[in-house]
Amino acid sequence: MILPLILFAFFQQAAPQPQVLVWPHGISPLGIDHKDVFDNHLLEVSHRDHSGNVEVHLTKVDVMVIQSGTARLVYGGEAIGLHTTAENEQQGTSINGGTTIRVDPGDVIHIPVGVPHQFLLDPGETITYLVVKVVETAK
């Protein structure tokens, strides 16, 4: 009777513990350009001082938290000038018929798989945001 308890306690202690990751003040200790990649998601901080390209992720959801700055986010509609930049990743030049909103520090944004999106910055604007990219599993 005691042997099963000893074995249970041994295997409970021997199980690897998941790694806890802390980014103090929202930036990796390894620098703003560092990405941490896990099995089904990654963490990164993006900083922009000019407008970005249209992005369409075919397998990843973007969850963004605006840390500083402001910009216009255009999403939805039809992406113009799309070309493949990496596996399951496309970029384009503009969005036709999308929705435009202004985003500010503290805003949280969820972009589903396949939705075109783009940050547009006016001259002198900058924006920094945390991005969690989550690989969507097949349903």
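Above this text sits the structure in question.
Treat the numbers as computed from the prediction; the structure is a model and nothing was measured.

## Side note on the environment of Asp 104
Logical step 1: Structurally, the position occupied by Asp 104 is in the loop between strand S10 (99-103) and strand S11 (108-111).
Logical step 2: Relative accessible area serves as the criterion here: at 34%, Asp 104 is assigned to the partly exposed category.
Logical step 3: For the pair Asp 104 and Ala 71, spaced 33 residues apart in the sequence, the C-alpha separation amounts to 7.2 Å.
Logical step 4: With residues up to four places along the chain from it excluded, the contact list for Asp 104 reads Ile 66, Gly 69 and Thr 70.

## Considerations on the sheet that holds strand S13 (residues 127-135)
Logical step 1: Spatially, the five strands line up as an open sheet ordered S1-S2-S13-S4-S11, and their pairing is antiparallel. A single partner strand is all that each edge strand has here, and the edge strands are strand S1 (36-37) and S11.
Logical step 2: Judged from the eight bridges that link them, strand S2 (residues 41-48) and S13 form a sheet pairing that is antiparallel. Among the inter-strand pairings, His 41 is bridged to a residue of S13, identified as Val 134.

## Side note on the nonpolar core
Logical step 1: Within the largest apolar cluster, 12 residues are counted, these being Met 64, Ile 66, Ala 71, Leu 73, Val 103, Ile 109, Ile 111, Phe 119, Leu 121, Ile 127, Tyr 129 and Val 131.
Logical step 2: Elements supplying a minimum of two residues to this core: strand S4 (60-69), strand S5 (71-75), S11 and S13.
Logical step 3: Examining the composition of this core, we find that three residues originate from one element, S13, more than from any other.
Logical step 4: Ignoring anything within four residues of it in the chain, the contact list for Ile 111 reads Val 61, Asp 62, Met 64, Leu 73, Tyr 75 and His 117.

## What about the packing of aromatic side chains?
Logical step 1: Following the criterion strictly, the structure yields one aromatic pair and no others.
Logical step 2: Pairing Phe 119 with Tyr 129 gives two aromatic rings, centres 4.8 Å apart and planes at 45°, and the pair type is tilted. Taken as a pair, Phe 119 in strand S12 (residues 117-120) and Tyr 129 in strand S13 lie far apart in primary sequence, 10 residues in all.
Logical step 3: Look at Phe 119 and you get buried, because its relative accessible area is 4%.

Rules and cut-offs
- Residues numbered from 1 in each chain as written.
- Predicted model: local features only at pLDDT ≥ 70, side-chain atom pairs only at ≥ 80, totals over all residues.
- Heavy atoms only, no water.
- Helix = DSSP H or I, 4+ residues; strand = E, 2+ residues; numbered from the N terminus.
- Buried < 20%, exposed > 50% of the residue type's maximum accessible area, 1.4 Å probe, protein only.
- Contact = heavy atoms within 4.5 Å.
- Pairing = 2+ DSSP bridges.
- Core = buried A, V, L, I, M, F, W, Y, C linked by side-chain atoms within 4.5 Å.
- Phe/Tyr/Trp six-rings, centres within 6.5 Å; stacked < 30°, edge-to-face > 60°.

On their own, these measurements won't tell you what the molecule is for.
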